[in-house]
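# An overview of the molecular structure
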Amino acid sequence: MAESKKKKKGFAEKYWGYVLLIGLMVAWWVVDDRGKLAPFLILGSVLAIYYFLFRVPRPCGAQGREGPCRNNAYGLMAGCQLQQHKRQNIFKQLGSEKLRRMNHGLWISPKEVLASIAGLTSLISCIAAIVALFLPK
């Protein structure tokens, strides 16, 4: 009998978005001519936004009978393996609940604080790269 073992993801495979974000920050800081680098900054920013919204490992946090769910989830928008938690997290992020509850969910743990800040930074980087692309050289 062949026993199937789940291969554990390595650090780089799990947290590549943080490495990408650090690379984007260095590129914004070091490079003088951002017009030539703008397409790469846009691509990197879009990939970082994708990572933080849909791939960053975090606890689920959906409200259950016994408090917030502690199952593993991926991304700020998704929930754990339970379908109801996925729906609950998406609706929470899209604003069907009060802003206070959503805001609390984004800052509930250090992992979520870091992912929220990194996601916002990626969005700002993407917008700035698009603006830099169209500015006169």
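Residues numbered from 1 in each chain as written. Predicted model: local features only at pLDDT ≥ 70, side-chain atom pairs only at ≥ 80, totals over all residues. Heavy atoms only, no water.

### Brief notes about helix H3 (residues 34-54)
In this model, H3 (21 residues) spans 28 Å end to end at C-alpha, consistent with the 30 Å of a helix rising 1.5 Å per residue. Taken as a whole, H3 carries its principal kink of about 35 degrees at Phe40. Considered for burial, the residues of H3 that qualify are Gly35, Ala38, Leu41, Ile42, Gly44, Ser45, Ala48, Ile49, Tyr51 and Phe52. Contacts from the buried residues of H3 go to helix H1 (11-14), helix H2 (16-30), strand S1 (57-59) and helix H6 (110-134). (Helix = DSSP H or I, 4+ residues; strand = E, 2+ residues; numbered from the N terminus. Expected span 1.5 Å × (residues − 1). Bend = angle between axes of the 7 residues up to and from the residue. Buried < 20%, exposed > 50% of the residue type's maximum accessible area, 1.4 Å probe, protein only. Contact = heavy atoms within 4.5 Å.)

### A few points about the packing of H2 against H3
Helix packing geometry: the angle between the two helix axes and the distance between the axes. One way to put it is that H2 packs onto H3 with a least axis distance of 9 Å and a crossing angle of 155 degrees. Taken together, the axes of H2 and H3 lie roughly antiparallel to each other. Pair H2 / H3 crosses with left-handed handedness. Across the interface between the two elements, Trp16, Gly17, Tyr18, Leu20, Leu21, Leu24, Ala27, Trp28 and Trp29 from H2 touch Arg34, Leu37, Leu41, Gly44, Ser45, Leu47, Ala48, Tyr50, Tyr51 and Phe52 from H3. Residues belonging to the contact of H2 with H3 are distributed by class as follows: 15 nonpolar, three polar and one charged. (Axes fitted to C-alpha atoms, helices over the stretch in contact; angles between N-to-C directions. Parallel < 35°, antiparallel > 145°, perpendicular 65-115°, else oblique. Left-handed = near helix turned anticlockwise from the far one by under 90°. Nonpolar A, V, L, I, M, F, W, Y, C, P; charged D, E, K, R; others polar.)

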